Amino acid sequence: MADASVNRAWRLRRRPVGAMVPGDLELVPEPIAPLEDGQALVRTLVLSVEAASRIWMGHQRAFMPPVGLGEVMRGVGVGEVVESRRQDMKVGDIVAGFVGWQEFCCADDQRLEAPLSVLPSPLPAPVSAFVGVLGHPAITAYLGVDFLQPQPGQTVVVSAAAGSVGSIAGQLAKLRGARVVGIAGGPAKCRHVVDDLGFDACVDRKDPDWPARLDAALPDGVDSDFENAGGPILDHLLMRLNLNATILLCGEVGWHGLVNIDQIHMQRATMRGIIVTDHLDRWPEALGALGALWATGQLKYDETVVSRLDQAPAALTSLLAGDTTGKLVVTIAEPTTIPGHPLTTTPP
Ligand SMILES: NC(=O)c1ccc[n+]([C@@H]2O[C@H](COP(=O)([O-])OP(=O)(O)OC[C@H]3O[C@@H](n4cnc5c(N)ncnc54)[C@H](OP(=O)(O)O)[C@@H]3O)[C@@H](O)[C@H]2O)c1
């Protein structure tokens, strides 16, 4: 168990150019300052690893400012309150939000932007579910599919279909009666997307014949695209758009310039970006719907689990390489205030 007087934190030392390399981040031991009034000490239990982390390491214009050099790497996770001088947080509370890539964080009640939220007690699911099927990736999928409004008889494409957002988005579109075609990297992932997640088809983006296979999977064109990746496949999809099609831009892991962008105009299509934290007012509604579907077994959900904070950079590299399925989490510590409560759905 981590000593509650010393923190270990991944600090950004250098902005990566292209792929991350050792030395871009440094794992630093540092003393924990005594709490002041209005602060609570939170021990990280589970850290969510996601593509946005790589964006925040760079300096491009994004939905949040870059992480500053020397700062703790930004990251979402779930933790437990181990000491408190806050009125609204007591020892034993399980909290979720921006805990950072570190073992402990100080939750200050003056930090008004992105405060940690206290989860229900008793916790109704494994800890990691609150950064997965009951957390921001699934809420992103829920809100994105709600924007696309897929109908029976329509075709929806979902990229990164085996990932945490895409896997849920495709299932939600299926539940609305649409035909859903996934895109994923490799035959095993594609089989999983069809056989386990229930998509109608899935195209392997690593197959050299992907353009022909994608066309074959889309005999009626594309009405909606839940876009998690961007890149040449999105460019190809633009040429398959139906009249009045809708594209939801959720992520751009494989971004490059779009040659066929004129098709948005020609097909009177709509392209819209989403940032899940812009819609906090809809999180309770989304969580209610997702929780009900998950509890009744209507939503399949996978995790890739990595142990230990020191593995976080390698975990991010494997996510960006497409080596993970479902939600990627790093387990940091066992909960002491709810002993025995499962950390993850899937054992590491
Ligand atoms: N807008 C929001 O509010 C919001 C919130 C959460 C996440 N996101 C975004 O949603 C997307 C999915 O996030 P996630 O956390 O669920 O990640 P994820 O899908 O679990 O992992 C990313 C996946 O992208 C695919 N990929 C990697 N490189 C690619 C490339 N060059 N071209 C095409 N695909 C590539 C890989 O899957 P395959 O190898 O199987 O294709 C990889 O597994 C990310 O872009 C993320 O930034 C957005």
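Above this note sits the structure.
Here's a quick rundown of the structure. For every chain, the first residue of the written sequence is number 1, and numbering continues from 1 along that sequence. With pLDDT at 70 or above as the cut-off, local features in this predicted model cover only qualifying residues; side-chain atom pairs require 80 or more to be listed or tallied, and sums for whole chains, interfaces and linings still use all residues. Values shown for side chains rest on all heavy atoms present in the structure; no hydrogens or waters enter the calculation.

## Thoughts on the site of the ligand
Right, so step 1: Here, proximity means that at least one heavy atom of the residue falls within 4 Å of the molecule or strand. Near the ligand you find 24 residues, and of these Ser164, Gly185, Arg205, Ile274 and Val276 are the closest.
Right, so step 2: Polar contact is the term for a pair of N or O atoms within 3.5 Å; when the atoms are in protein, one must be able to donate a hydrogen and the other to accept it, and sequence-neighboring residues count only if both atoms are side-chain atoms. Within the backbone of Val165, an N or O atom sits 2.9 Å from an oxygen atom of the ligand.
Right, so step 3: In the model, an oxygen atom of the ligand is placed 2.6 Å from a nitrogen or oxygen of the Arg205 side chain.
Right, so step 4: Only the protein chains shown count as cover for residues, and all accessible areas are computed by the Shrake-Rupley method using a 1.4 Å probe. Here the ligand loses 90% of its free accessible area of 900 Å² to cover by the protein chains.
Right, so step 5: When residues of the shell around the ligand are traced back to their parent elements, those giving at least two are helix H3 (164–175) and helix H9 (312–320).
Right, so step 6: Within the shell around the ligand, the residues separate by chemical class into 12 nonpolar, nine polar and three charged. Where helices and strands are cited, they refer to DSSP runs of H or I of at least four residues and of E of at least two residues respectively, numbered from the N terminus. Residue polarity is assigned by list, with Asp, Glu, Lys and Arg as charged and Ala, Val, Leu, Ile, Met, Phe, Trp, Tyr, Cys and Pro as nonpolar; anything else, Gly included, falls into the polar class.

## Topic: the sheet that holds strand S11 (residues 222–227)
Right, so step 1: The strand order across the open sheet built from six strands is S10-S9-S8-S11-S12-S13, with neighbouring strands paired in parallel fashion. Either end of the sheet is taken by a strand with one partner, and the two such strands are strand S10 (201–204) and strand S13 (270–273). Between one strand and the next, the sheet's axes are offset by a mean angle of 15 degrees, whatever the strand orientation.
Right, so step 2: Pairs of residues are marked as contacts when any of their non-hydrogen atoms sit within 4.5 Å. Interaxial angles span 0 to 180 degrees and are taken between N-to-C directions of axes, which are lines fitted to C-alpha atoms, for helices over the stretch in contact. Against the sheet, helix H4 (residues 187–196) contacts strand S9 (179–184) and S10, and its axis sits at roughly 170 degrees relative to S10. DSSP calls a pair of strands paired once it identifies at least 2 bridges connecting them.

## Some words on empty space enclosed by the protein
Right, so step 1: Definitions used for this entry: grid spacing 1 Å over protein atoms alone; cavity, a set of points where a 1.4 Å probe fits but cannot get out; pocket, an open set with protein on both sides within 12 Å along at least 5 of 7 lines; lining residue, one with an atom within 4 Å of a point. Grid points are joined across faces, edges and corners, and a volume is the space filled by probe spheres set on the points. Tallied over the entire structure, the rule returns one cavity of 30 Å³ or more.
Right, so step 2: Of the voids in this model, the largest cavity is the one considered here, and its volume is about 40 Å³.
Right, so step 3: Taken together, Arg86, Ala107, Asp108, Arg111, Pro115 and Leu116 make up the full set of residues lining the largest cavity.
Right, so step 4: Its residues assigned to classes, the lining of the largest cavity shows three nonpolar, no polar and three charged.

## So, the packing of helix H2 (residues 136–148) against helix H8 (residues 283–295)
Right, so step 1: Across the interface, H2 lies against H8 with an axial gap of 10 Å and an inter-helix angle of 95 degrees. When the axis of H2 is compared with that of H8, the two are roughly perpendicular. Residues His136, Ala138, Ile139 and Tyr142 of H2 form the contact with H8, whose own contacting residues are Trp283, Glu285, Ala286, Leu287, Ala289 and Leu290. Relative orientations are named as follows: roughly parallel for angles under 35 degrees, roughly antiparallel for angles over 145 degrees, roughly perpendicular for angles from 65 to 115 degrees, and oblique for any other angle.

## A few points about the nonpolar core
Right, so step 1: Nonpolar cores are built from buried Ala, Val, Leu, Ile, Met, Phe, Trp, Tyr and Cys residues. Side-chain atoms within 4.5 Å join them into one set. The cut-offs for exposure are 20% and 50% of the maximum accessible area for each residue type, with area from a 1.4 Å probe on protein chains only; residues under the lower value are buried, those over the upper are exposed, and the others partly exposed. The biggest cluster of nonpolar side chains holds 82 residues, and the ones touching the most others in it are Leu172 and Leu290.
Right, so step 2: Broken down by element, the residue count for this core peaks at seven residues, all from H2.
Right, so step 3: In contact with Leu290, other than residues within four places in its own chain, are Val133, Leu134, Ala138, Ile139, Tyr142, Ile168, Leu172 and Leu299.

## Here's the deal with H3
Right, so step 1: One less than the number of residues in a helix, times 1.5 Å, gives the span that helix is expected to have. With 12 residues, H3 should cover 16 Å at 1.5 Å per step; its first-to-last C-alpha distance of 17 Å lies within 8% of that length.
Right, so step 2: Buried residues dominate H3, accounting for 10 of its 12 residues.
Right, so step 3: Among all positions in H3, only Ser164, Val165, Gly166, Ser167, Ile168, Ala169, Gly170, Gln171, Leu172 and Ala173 are buried.
Right, so step 4: Where H3 is buried, its residues touch H2, strand S8 (155–158), S9, S11, H8 and strand S15 (327–331).
Right, so step 5: A positive phi of about 95 degrees marks Gly177, the residue just after H3.

## Concerning the pattern of salt bridges
Right, so step 1: Salt bridges, as used here, are contacts in which a Lys or Arg side-chain nitrogen is within 4 Å of a carboxyl oxygen on Asp or Glu. A full pass over the atoms with the stated rule returns 15 salt bridges.
Right, so step 2: As a salt-bridge pair, Arg11 and Glu30 come within 2.9 Å of each other at their nearest N and O atoms. Of the two residues, Arg11 is situated in strand S1 (residues 6–12) and Glu30 in strand S2 (residues 25–31); the sequence distance between them amounts to 19 residues.
Right, so step 3: Relative accessible area serves as the criterion here: at 17%, Glu30 is assigned to the buried category.
Right, so step 4: Arg213 is the partner of Asp207 in a salt bridge, and the nearest nitrogen-oxygen pair spans 2.7 Å.
Right, so step 5: When its relative accessible area of 45% is taken as the criterion, Arg213 is described as partly exposed.

No statement about biological role is implied by the geometric values presented.
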